[in-house]
Every structure is written in structure tokens, then in C-alpha cells.
Amino acid sequence: STQSTWDEGLPVEPPQAVEEEHMFWVNPEQHQALVRRLQRAAALGSDPDVHIGLGVMHHMVHNFDDAIVNFQTALQLQPGDARLWNKLGATLANSSRNAEAVVAYNQALDLNPGFVRAQYNLGIAYTNMSQHAEAAQHFLRAIAMQTASAPQHERARAAETSAEMWNVLRSSFTFMGRPDLVERSQSNDISF
């Protein structure tokens, strides 16, 4: 487990990070020190959490190829983790490997059909491939899932998140050359 790996003298604390004007910045020396510690931990055994940590650390600095390798290694050890499949998909998409991202997102959805973020990310991947009709279908599904899954006391927050999804959906309709669908979707009603 991750805890036994950390108990062998590897610090648990992540590098210090600060947020500056919507930009996440990590101290490079601290980042590299943590990556080296995680690499040593990975050499000690086959803990998927260590590989996930390495994947996240590599993703943070846009070292997507190494992040992909680490997420794939973690998935060999933990193939039923829908969130991990989504992380792999996001990393593939960020490295412009959208067709591969679609496969990863679909795997996440096979494992967890109600995974709103994976459904939304699938729409983004199709958008990146200029397959706007397919993207729109996934955005509509994500909106429907978001609305249906929100408990009554979280409906306002779900509506806010859905508002962002509605805007992306309308962009897909625009790229499809369908101003009629843009207009009909202005009500933010899934039954339009």
C-alpha cells in the first residue's frame, strides 16, 4: 500500500504550490524532489497509488508522455478504476491524442456509466477532433446526468456546472452550423 511505502522514510508532503492569476505554479526543485521520491517508491513495489502520483506530477508540468506511462502502469495494477481511466483520457487529450482519449473515456464510462466528468471529457475529445455532432451528444448526456444525479440540496450548484456545459454544447451547435439548436438551447432545458 501507499502508506507502507511512505513509512520507509519518504515524506508525504507534496511540493509547495501557489496560484497566480489562474496559473498553477510549482517550485521546480520541490517538484523534482518529489518525483525522485516517487520514482524510488515505485522501484520498491507495485503500488498503483505511487504510479498515479507520478502521473499527476508529470501531468502538472506537461510531461504528458511520462504521465501516460505511469497512468497505464497504475491501470495494469488497478484496471477497474474509472477515475484513473478518466485521468489517462485527460492526459491523452492534453497531448493531442484524442482518439486514444476517447477509448480511455469510454472505458471509464463502461466502469461507471454515471461518471459525468468522463462523459463531458468525451465531448471535449470529440470537439478537439472536430466531430461536433458527436461532441454535442456527449455534452447533452453529461448535462442530463448532472441534473438527474444532483440531490435536491445541490441542485443550484449542479445548475451552475451545467451552465458551463450548456455553453460548450451551444459552441458545438455553432460549429455544426445549427443556429436553430443554439436558439432552442437558450432555455437550458434538456427537453428542448
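One can find the structure itself at the top, above this paragraph.
Residues numbered from 1 in each chain as written. Predicted model: local features only at pLDDT ≥ 70, side-chain atom pairs only at ≥ 80, totals over all residues. Heavy atoms only, no water.

A. Just helix H4 (residues 64–77), in detail. The first and last C-alpha atoms of H4 sit 20 Å apart over 14 residues, in line with the 20 Å expected at 1.5 Å per residue. Those residues of H4 lying buried are Phe-64, Ala-67, Ile-68, Asn-70, Phe-71, Ala-74 and Leu-75. The arc enclosing the buried residues of H4, seen along the axis, measures out at 165°, which places them on a common side. Within H4, the exposed residues directed more than 90 degrees away from the buried face are Asp-65 and Gln-76. (Helix = DSSP H or I, 4+ residues; strand = E, 2+ residues; numbered from the N terminus. Expected span 1.5 Å × (residues − 1). Buried < 20%, exposed > 50% of the residue type's maximum accessible area, 1.4 Å probe, protein only. Arc of directions from axis to C-beta.)

B. Just helix H3 (residues 48–60), in detail. Spanning 13 residues, H3 covers 18 Å between terminal C-alpha atoms, matching the ideal 18 Å at 1.5 Å per step. The N-capping residue of H3, defined by a side-chain oxygen 2.9 Å from the backbone nitrogen of Asp-49, is Asp-47. At the C-terminal side of H3, His-62 shows a positive phi close to 60°. (Polar contact = N/O pair within 3.5 Å; in protein donor to acceptor, adjacent residues only side chain to side chain.)

C. The pattern of salt bridges, seen in detail. This structure, assessed with the given rule, holds 3 salt bridges. Close ionic contact of Arg-178 with Asp-180 constitutes a salt bridge, the shortest N to O distance being 2.6 Å. (Salt bridge = Lys/Arg side-chain N within 4 Å of Asp/Glu carboxyl O.)

D. Quick peek at the side chain of His-138. If you trace the backbone, His-138 turns up in helix H8 (residues 132–149). In terms of polar contacts, His-138 uses its side chain to reach the side chain of Arg-141, at 3.2 Å. Those residues within four positions of His-138 in sequence are excluded, and the remaining contacts are Gln-119, Leu-122, Gly-123 and Tyr-126. (Contact = heavy atoms within 4.5 Å.)

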